[in-house]
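Overview (structure and organization)
As a plain string of letters, each chain reads:
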Amino acid sequence: MSNVSVLGLGYIGLPTAAILAVRGHQVHGVDVSEHVVQTLSDGAIHIVEPGLDIVVSGAIKSGALTVSLDVAPADVFILAVPTPFLEDHKPDLSFVRSAAESIAPHIAKGNLVILESTSPVGATKQLSQWLGDLRPDLKFPHEFAEHCDVNVAHCPERVLPGKVLEELVENDRVVGGISESCTQAAISLYKTFVDGKCLATTAATAEMAKLTENAFRDVNIAFANELSILAEEQSVDVWELIELANHHPRVNVLQPGPGVGGHCIAVDPWFLVSGSPENARLIRQARHVNDQKPDYVIAKVEAALSSAPRPVVACLGLSFKANIDDLRESPAVDICMRLAKLSGVSVKAVEPHIEQLPATLSDHGNIELCDVAQAVAEADVVLLLVDHNQFADVPTSFDLSAKHIIDTRGLWRQRR
Ligand code: SAJ
């Protein structure tokens, strides 16, 4: 068992730190946010993820997990920091760079550095180069391969928000070192808490494997989103259509929705596109199809709006998918914001997983966060954006007969 330092205590870093602590490692978690560090020190958590609060509070109480704003020496450093994209869709590695700068003074011979953040091809080698520049007294694998002092590897996270604790342990992991010994060192660590297989490869292949998984899903969701528009033009119920098509043994169409959100599927395909702008044609087009789905939803709402001087739209759900609190890149947030800009429209937003609106929405005076009963009662148009469990019974619990209903997720299909 090792001393492990996890940098970035977000949706991936925090559960990873907690599981490592439960499996017997001494873990130190580091985050740049005082709020995050304070919340965790108090034994609470700052995100919604089923079961995570219990695991984290247990690990903090037992002392197996400590948290602070400062990096300390460790045997293993795991970087789980954000890798967003810039305005031009090129990857932004500035958080990885900052994490490298913060660990560099504490790195010692024999250490292992793992990049878990989803990264463009070449990022792990770049990390090794940055560390090498910052610590010329140590040998890093991009230059010294098997003769390095510090192992550097990529092991992309692959867990599904909402099922993180389960998938962290059960999923297979792709582990790619800058050298073979780096790969093996990283695999030794993952084997202490992963029940799935640890699959050895190179750093570049591991980077590209993660991007491939998310781009595959994005392309397939784009297919479903495009299909939903074609089906509606033919007055065909797209959910019935997909259900029937999926009876074919080799067909598995995904589900349409109001667009694709989250920090992964709506972002990662761009890392492939920016690596080869001329050749990544289908992957780029899928991104555009999914990004344009909110336009279609807004046009449907506009068509449904009554001639009342101040029509009200109830937007049910703000998170990027069901039963989580994560609003990042959420098409629902985008749609609410754009509806609020329509002349005379007021928006009643319902999101059971948050207590206050994010600034992007609260800045609009005509968006109010309220409960489902109030939103539905006041609405002319009821727009379902997220299929949270809490919304399943809305058609049976409330009188929607005088409302215009737009269900972007097919949640209420059976009840109509
Ligand atoms: N969505 C649809 N239709 C579907 C499935 C999803 O519209 O049939 C939408 C969701 O509503 C959401 C978005 O796509 O807005 C993404 O949701 P998701 O559940 O497909 O994926 P994420 O972003 O929560 O997690 C993905 C996962 N990747 C794959 O399934 C290939 C997860 O395993 C990764 O670890 C995660 O990205 C990540 O961190 O990269």
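These notes cover the structure that comes with them.

Our focus in this paragraph is the site of the ligand. Around the ligand there are 20 residues in total, and E157, V159, K210, R217 and Q255 lie nearest to it. Measuring from an oxygen atom of the ligand, one finds a side-chain N or O atom of R217 at 2.5 Å. Take R409: an N or O atom from its side chain is 2.7 Å from an oxygen atom of the ligand. Taken atom by atom, the bulk of the ligand overlaps the second largest pocket. Residue contributions to the shell around the ligand peak at 5 residues, all from helix α9 (residues 203–233). Taken together, the residues of the shell around the ligand sort by class into 9 nonpolar, 3 polar and 8 charged. Each of domain 1 (3–196) and domain 2 (215–407) accounts for three or more of the residues forming the shell around the ligand.

With that out of the way, let us pick up the packing of aromatic side chains. By the definition in use, this model includes 1 aromatic pair. When the centroid spacing of 5.5 Å and the interplanar angle of 45° are considered together, the rings of Y190 and F193 count as tilted. Each member of the pair, Y190 together with F193, is buried. The ring centre of F144 lies 5.7 Å from the NZ or CZ of K139, which sits over that ring.

Let us now look at the packing of helix α4 (residues 94–103) against helix α5 (residues 123–134). Close contact between α4 and α5 brings their axes to 10 Å; oriented N to C, the two are set at 35°. Note on packing geometry: the crossing formed by α4 with α5 is right-handed. Contacts from V96, R97, A100, E101 and I103 of α4 reach α5 at L127, W130, L131 and L134. Broken down by class, the residue content of the contact of α4 with α5 amounts to 7 nonpolar, no polar and 2 charged.

To continue, consider the sheet that holds strand β5 (residues 112–115). With respect to topology, 8 strands assemble into an open sheet ordered β3-β2-β1-β4-β5-β6-β7-β8, the strand pairing being mixed. For this open sheet the edge positions go to β3 (65–68) and β8 (198–202), each flanked by a neighbour on one side alone. On average, each strand axis in the sheet is inclined to that of its neighbour by 25°, with strand direction left out of account. Inspection of the sheet shows strand β1 (residues 3–7) paired to strand β4 (residues 76–79) by 4 bridges, in the parallel sense. Bridge pairing links L7 to L79 in β4. Sheet strands touched by α4: β1, β4 and β5. Its angle to β4, the strand with the most contacts, is close to 160°.

All chains considered together, the criterion is met by 18 salt bridges. Residue R135 pairs with D137 through a salt bridge whose shortest N-O separation is 2.8 Å. Since its relative accessible area comes to 53%, D137 is described here as exposed. D291 is the partner of R287 in a salt bridge, and the nearest nitrogen-oxygen pair spans 2.9 Å. With R287 and D291 both in helix α12 (residues 281–304) and 4 residues apart, this pair spans about one turn of that helix. Residue R287 is classed as buried on the basis of its relative accessible area, which comes to 0%.

Before going further, it helps to spend a moment on the sheet that holds strand β9 (residues 312–316). With parallel pairing, 5 strands are arranged side by side in an open sheet as β11-β10-β9-β12-β13. Each edge of the sheet is formed by a strand with only one pairing partner; in this case those strands are β11 (367–369) and β13 (404–407). Adjacent strand axes in the sheet meet at a mean angle of 20° when their direction is disregarded. Bridging between β9 and strand β12 (residues 381–384) involves 4 bridges; their strand directions are parallel.

At a minimum axis distance of 8 Å, the contact between α9 and α12 shows a crossing angle of 40°. Here α9 lies oblique to α12, going by the angle between them. Pair α9 / α12 crosses with left-handed handedness. Residues A215, D218, V219, I221, A222, N225, E226, S228, I229 and E232 of α9 lie in contact with α12, whose contacting residues are L282, I283, A286, R287, V289, N290, K293, Y296 and K300. Of the residues in the contact of α9 with α12, the class split is 10 nonpolar, 3 polar and 6 charged.

Glancing now at the environment of G275. Relative to the elements of secondary structure, G275 occurs in helix α11 (residues 268–275). Using a relative accessible area of 63% as the deciding quantity, one classes G275 as exposed. Considering only alpha carbons, one finds G275 and I54, 221 residues apart in sequence, at a separation of 41 Å.

Burial in helix α3 (residues 52–62) covers these residues: L52, V56, S57, A59 and I60. Each buried residue of α3 sits inside an arc of 165° when the element is viewed along its axis, so together they form one side. Facing away from the buried surface of α3 by more than 90 degrees, the exposed residues are I54, K61 and S62. Looking at the buried positions of α3, the neighbouring elements they touch are α1 (13–22), α2 (34–41), β3 and α7 (164–170). Positive phi shows up at G63, right after α3, with a value of about 90°.

Quick notes on the rules
- Residues numbered from 1 in each chain as written.
- Predicted model: local features only at pLDDT ≥ 70, side-chain atom pairs only at ≥ 80, totals over all residues.
- Heavy atoms only, no water.
- Near = heavy atom within 4 Å.
- Polar contact = N/O pair within 3.5 Å; in protein donor to acceptor, adjacent residues only side chain to side chain.
- 1 Å grid on protein atoms, 1.4 Å probe; cavity = no way out; pocket = protein on both sides within 12 Å on 5 of 7 lines; lining within 4 Å.
- Sits in = over half its atoms within 2 Å of the grid points.
- Helix = DSSP H or I, 4+ residues; strand = E, 2+ residues; numbered from the N terminus.
- Nonpolar A, V, L, I, M, F, W, Y, C, P; charged D, E, K, R; others polar.
- Domains from an automatic or database assignment.
- Phe/Tyr/Trp six-rings, centres within 6.5 Å; stacked < 30°, edge-to-face > 60°.
- Buried < 20%, exposed > 50% of the residue type's maximum accessible area, 1.4 Å probe, protein only.
- Lys NZ or Arg CZ within 6 Å of the ring centre and 35° of its normal.
- Axes fitted to C-alpha atoms, helices over the stretch in contact; angles between N-to-C directions.
- Left-handed = near helix turned anticlockwise from the far one by under 90°.
- Contact = heavy atoms within 4.5 Å.
- Pairing = 2+ DSSP bridges.
- Salt bridge = Lys/Arg side-chain N within 4 Å of Asp/Glu carboxyl O.
- Parallel < 35°, antiparallel > 145°, perpendicular 65-115°, else oblique.
- Arc of directions from axis to C-beta.

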